[in-house]
Amino acid sequence: MLSVKLPKLLNINQVPKVFHEESIMSGYRHPRSTAYDCIFSVFQMTNETLNIWTHFLPTWYFLWKLFALLYRMDFWNEAYTWPITVYMLSCCIYPFTSSCAHTFSSMSTRARHICFFFDYAVVSLYSLGSAIAYSSYIFPDRWVNSTFHNYFVPIAVFNAIISTALSCYSRFPEIERPKLSKAVRIVAFALPYLFDSIPVFFRLFICSGEDCTHNESIPDHYKHVTFAFLTGFLFATHLPERLAPGCFDYIGHSHQLFHIGAIIGTHFQMEALIIDMNLRRDWLLVNSPLPSLSNTVGAVGVCLIFSLLIILIFSLALYWKPDDFNKEKET
């Protein structure tokens, strides 16, 4: 009978500090794992296993939603559908890239950093996809064609690029100055979300009157905002494992809950966008300019080019660092 010997797992004292996760005491893979080991670890219970699956499985759900939507829409001939398509693609890309990053992050110190550089970049790309869809379907009636509306997507592109740069930079001081590293990473993720959500927050909490676009999408917007803030709370606090180190190493730690909350939040965001897109279609086609290639595919292209350039620069910086920087992490 064919048998596969799974790699031995290590505790926190057996791996370099750069691999440590706060209050996670065991279940670590070898920091010099091969690609083969990483792939097989997906089927072994480690402290990363559920991080991988909680984003890998939803990728296929979002792909199904994308293809179902494309089947009903005339994407090639109808510019009105371009923003939702760009957004849906970003929803498929970010969990898949995240699952790959968690899968292969134990191959080496440099591989770990580079894997998460890509992870951060696609989170920024998702934030841009959200902004593009928000600009086309979410803005309250009274803000459509305003100066803020006209500059919303260009600013979102800038925010996504800055987010990628800040989050990639945050990996460098995480050993010597972990609090600074965490603060920079939180700011990097919060900046684009808070900006992109301005029209949603305005509709939900501030606007009153007939031109506030209160419709059937509002409950889903509330649910998305709730899960977004819950996700941010889990990411920032490392609860519940901080309360009982070692008890949530394999199941129930904050990063797993963070992944689940992000996916549920994305689901409700997607539902709200589709409702707004359908209900407001006639009004928006008359009162708002059609989405353009420059504000959809072009914006994503600019973000991708700059993000890849940022990843290249920070990846090269890993090799420019002094030898003792890498030795501290590799030994």
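Residues numbered from 1 in each chain as written. Predicted model: local features only at pLDDT ≥ 70, side-chain atom pairs only at ≥ 80, totals over all residues. Heavy atoms only, no water.

Participant: Honestly, the environment of Asn-47 in this entry has me stumped. Any pointers?
Facilitator: As for its placement among the helices and strands, Asn-47 is situated in the loop between helix H1 (35-41) and helix H2 (49-72). Taking the C-alpha atoms as reference, Asn-47 lies 15 Å from Ser-98; in sequence the two are 51 residues apart. (Helix = DSSP H or I, 4+ residues; strand = E, 2+ residues; numbered from the N terminus.)

Participant: Help me understand helix H8 (residues 218-237) in this model?
Facilitator: Since the α-helix packs 3.6 residues into each turn, any two residues three or four apart lie on the same face. Compared with the 28 Å implied by 1.5 Å per residue over 20 residues, the 29 Å span of H8 between its first and last C-alpha is a close match. Within H8, burial applies to Ile-218, Asp-220, His-221, His-224, Val-225, Thr-231, Leu-234, Phe-235 and Thr-237. Taken together, the buried residues of H8 touch helix H4 (109-137), helix H6 (178-196), helix H7 (198-206) and helix H9 (254-279). Looking at the residues trailing H8, positive phi occurs at His-238, about 55°. (Expected span 1.5 Å × (residues − 1). Buried < 20%, exposed > 50% of the residue type's maximum accessible area, 1.4 Å probe, protein only. Contact = heavy atoms within 4.5 Å.)

Participant: Would you mind showing me how to read the nonpolar core here?
Facilitator: If you look at soluble globular proteins, the nonpolar side chains tend to sit buried side by side. With 59 residues, the main nonpolar core has Ile-84, Tyr-87, Leu-128, Tyr-137 and Leu-273 as its most contacted residues. When residues of this core are traced back to their parent elements, those giving at least two are H2, helix H3 (82-104), H4, helix H5 (147-169), H7, H8, H9 and helix H11 (297-320). The element that contributes the greatest number of residues to this core is H4, accounting for 11 residues. Excluding residues within four positions of it along the chain, Ile-84 makes contact with Leu-69, Met-73, Tyr-137, Leu-273, Ile-274 and Met-277. With 8 residues, the next largest nonpolar core counts Val-15, Phe-19, Ile-24 and Tyr-28 among its residues. (Core = buried A, V, L, I, M, F, W, Y, C linked by side-chain atoms within 4.5 Å.)

Participant: Looking at this model, I keep getting lost on the packing of aromatic side chains. Mind explaining?
Facilitator: Each aromatic ring pair is specified by the distance between its two centres and by the angle formed by the two planes. Taken as a whole and assessed by the stated rule, the structure comprises 31 aromatic pairs. Between Tyr-36 and Phe-40, the aromatic rings sit 4.5 Å apart at their centres with planes inclined by 45°, giving tilted as the arrangement. Of this pair, Tyr-36 and Phe-40 both sit in helix H1, separated by 4 residues, roughly a single helical turn. The class for Phe-40 is partly exposed, based on a relative accessible area of 26%. An aromatic cluster is present here, built from Phe-139, Trp-143, Phe-148, Phe-152, Phe-195 and Phe-202 joined pairwise through their rings. A cation over a ring is seen here: Arg-110 above Tyr-319, with NZ or CZ 4.3 Å from the ring centre. When the ring centre of Phe-235 is taken as reference, the NZ or CZ atom of Lys-182 above it lies at 3.8 Å. (Phe/Tyr/Trp six-rings, centres within 6.5 Å; stacked < 30°, edge-to-face > 60°. Lys NZ or Arg CZ within 6 Å of the ring centre and 35° of its normal.)

Participant: Help me out: how do you make sense of a nonpolar patch on the surface in this one?
Facilitator: A grouping of Val-302, Ile-305, Phe-306, Leu-309, Leu-312, Ile-313, Leu-316, Tyr-319 and Trp-320 is seen on the molecular surface, where their side chains present a nonpolar patch of about 940 Å² in accessible area. Structurally, Val-302 can be placed in helix H11. Judged by its relative accessible area of 37%, Val-302 is partly exposed. (Patch = residues over 30% accessible without salt bridge, like charges linked within 9 Å, V, L, I, M, F, W, Y side chains within 5 Å. Areas by Shrake-Rupley, 256 points an atom, 1.4 Å probe, with all protein chains shown as cover. Salt bridge = Lys/Arg side-chain N within 4 Å of Asp/Glu carboxyl O.)

Participant: For this particular structure, what's the right way to read the packing of H6 against H7?
Facilitator: The description of two helices packed together rests on the angle between their axes and the distance between the axes. Between H6 and H7, the shortest axis-to-axis distance is 4 Å and the interhelical angle comes to 50°. It follows that H6 is oblique to H7 by the angle criterion. Within the contact between the two elements, H6 uses Tyr-193, Leu-194, Phe-195 and Asp-196 and H7 uses Ile-198, Pro-199 and Phe-201. Of the residues that constitute the contact of H6 with H7, the class distribution is 6 nonpolar, no polar and 1 charged. (Axes fitted to C-alpha atoms, helices over the stretch in contact; angles between N-to-C directions. Parallel < 35°, antiparallel > 145°, perpendicular 65-115°, else oblique. Nonpolar A, V, L, I, M, F, W, Y, C, P; charged D, E, K, R; others polar.)

Participant: Please explain the pattern of salt bridges as it appears in this structure.
Facilitator: Between side chains of opposite charge, a pair can form as their charged atoms come close. Enumeration over the complete set of coordinates arrives at 9 salt bridges. A salt bridge links Glu-21 to Arg-112; the nearest nitrogen and oxygen atoms lie 2.7 Å apart. One end of the pair, Glu-21, is in the segment before H1; the other, Arg-112, is in helix H4, and 91 residues separate them in sequence. A salt bridge links Arg-185 to Glu-174, with the shortest nitrogen-to-oxygen separation between them at 3.5 Å. Here Glu-174 lies in the loop between H5 and H6 and Arg-185 lies in helix H6, a separation of 11 residues in the sequence. Note on accessibility: Arg-185 and Glu-174 belong to one class, buried. Three or more residues are tied together by salt bridges with common partners; here these are Arg-171, Glu-174 and Arg-185.

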